[in-house]
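So you can see what is in the structure, the chains are spelled out below.
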Amino acid sequence: MRRLPATVRVWVDALAYVLALALVMLVLGVVLGIALGGSLVAGKQLLFLVGWLIIGYATLRLWPSSPEDLDQESRATQTQRSRFQATVQELPPVRWMRLPSPNERVALAVKLFLTGLAVLALSFVMEVGLGIE
């Protein structure tokens, strides 16, 4: 896996982050939904709400603060490495490949936006695919 093209490595890194965070949100949503006296339905509804909140937050981070930000490298394209990101990078298949440089990685705000979409998709699958209404 050391000879993967740079684009593939960038997107494997980003999708690993998205899937890991969406899985954490799924577990937390279901556990909180049940713990608050609800059922899987409450967990599904909580996931739906969290998905939209993540998308809203990511959109705010991606939004340029001024027209000059469109010409320059904005804050949204800067990458930050959190503990969660470090943990994700220790999971397969990311740990088996050479990581892209920080300048090549997908911005955290884009990863969060994709995570919001994944959380909404999980909520949809719980309702349509698993029949949790």
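On a predicted model such as this, the values are computed, not experimentally measured, just so you know.

## Focus: helix α1 (residues 6-35)
(1) Moving on: Look at α1: 43 Å from first C-alpha to last across 30 residues, which is about the 44 Å you get at 1.5 Å a residue.
(2) Moving on: Gly-37 occupies a position one or two residues after α1 and carries a positive phi of about 90°.

## Examining the nonpolar core
(1) Moving on: One finds Tyr-17, Val-88, Leu-112, Val-119 and Met-126 to be the most contacted residues of the largest nonpolar core, which totals 18 residues.
(2) Moving on: If you list the elements that add at least two residues to this core, you get α1, α2 (40-62) and α5 (108-129).
(3) Moving on: Every residue in contact with Tyr-17, bar those within four places of it in the chain, is listed here: Phe-84, Gln-85, Val-88, Leu-108, Lys-111 and Leu-112.

## A few points about α5
(1) Moving on: The end-to-end C-alpha separation of α5 is 30 Å, in line with the 32 Å expected for 22 residues at 1.5 Å each.
(2) Moving on: Turning to α5, its buried residues are Leu-108, Ala-109, Lys-111, Leu-112, Thr-115, Gly-116, Ala-118, Val-119, Leu-120, Ser-123 and Met-126.
(3) Moving on: Just downstream of α5 lies Gly-131, where phi reads positive at about 75°.

## Considerations on the environment of Thr-59
(1) Moving on: One can find Thr-59 in helix α2.
(2) Moving on: Spatially, the C-alpha atoms of Thr-59 and Phe-113 are 7.1 Å apart, while their sequence positions differ by 54 residues.

Conventions and cut-offs
Residues numbered from 1 in each chain as written. Predicted model: local features only at pLDDT ≥ 70, side-chain atom pairs only at ≥ 80, totals over all residues. Heavy atoms only, no water. Helix = DSSP H or I, 4+ residues; strand = E, 2+ residues; numbered from the N terminus. Expected span 1.5 Å × (residues − 1). Core = buried A, V, L, I, M, F, W, Y, C linked by side-chain atoms within 4.5 Å. Buried < 20%, exposed > 50% of the residue type's maximum accessible area, 1.4 Å probe, protein only. Contact = heavy atoms within 4.5 Å.

Functional significance is not addressed by these values, which are geometric in nature.
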